[in-house]
Amino acid sequence: METLTRRTRLLAAIRAHGRPVTTQLAERLLAGAWPTYGRNTARKDLRGLARSGLLAAVDVDGRRIYHPISTKGGTA
C-alpha cells in the first residue's frame, strides 16, 4: 500500500513540475515526503510508473528521462 501512495505522490510531483524528470530529480521531488527515499527507490518507482503507462521513458545521451503522459494521450 505504501508503494502505491508513494508512486501516486511522485506522479503528482512530476506533473506539477511540468517537465521531464531524471532519477536524480525524482529523488529530489520526494526527498521531504519520504526521508529514506533514495536513488534506487526513485528508479524503481519511475520504472513502475512507465510500465503502468503513466510515464514515457526515453534514452538521451546515455541517460534515461521520463516524460509525463497526459490523460488526453501523448506526452504532456
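First, a word on scope: everything that follows refers to the structure included in this document. Per-chain numbering applies: the sequence of each chain, read as written, is numbered from 1 onward. The predicted nature of this model means local features are confined to residues of pLDDT at least 70 and side-chain atom pairs, given and counted, to a pLDDT of 80 or more, with totals for whole chains, interfaces and linings taken over all residues. To obtain the side-chain values, all non-hydrogen atoms of the structure were used and water was disregarded.

So, the pattern of salt bridges
Link 1 in the chain: Each salt bridge in this description consists of a side-chain nitrogen of Lys or Arg and a carboxyl oxygen of Asp or Glu lying within 4 Å of one another. Within the structure shown, the criterion is met by three salt bridges.
Link 2 in the chain: Put simply, Arg7 and Asp45 hold a salt bridge, and the shortest N to O gap is 3.0 Å. Of this pair, Arg7 sits in helix α1 (residues 2-17) while Asp45 is found in helix α3 (residues 39-51), placing the two residues 38 residues apart along the sequence.
Link 3 in the chain: Judged by its relative accessible area of 0%, Asp45 falls in the buried class. Think of it this way: any DSSP run of H or I at least four residues long counts as a helix, any run of E at least two long counts as a strand, and we number them from the N terminus. The buried label goes to any residue with under 20% of its type's maximum accessible area, the exposed label to any with over 50%, and the partly exposed label to all in between, with areas taken from a 1.4 Å probe on protein chains only.

Quick notes on the nonpolar core
Link 1 in the chain: Of all hydrophobic cores here, the largest spans 14 residues; its most connected members are Leu10, Ile14, Val21, Tyr37, Leu46 and Leu55.
Link 2 in the chain: Those residues in contact with Ile14 that lie beyond four places of it in its chain are Arg19, Val21, Leu29, Leu46, Leu55 and Pro68. To qualify as a nonpolar core, a set must consist of buried Ala, Val, Leu, Ile, Met, Phe, Trp, Tyr and Cys residues joined through side-chain atoms within 4.5 Å. We call two residues in contact whenever any of their non-hydrogen atoms come within 4.5 Å of each other.

Geometry only, nothing functional implied.
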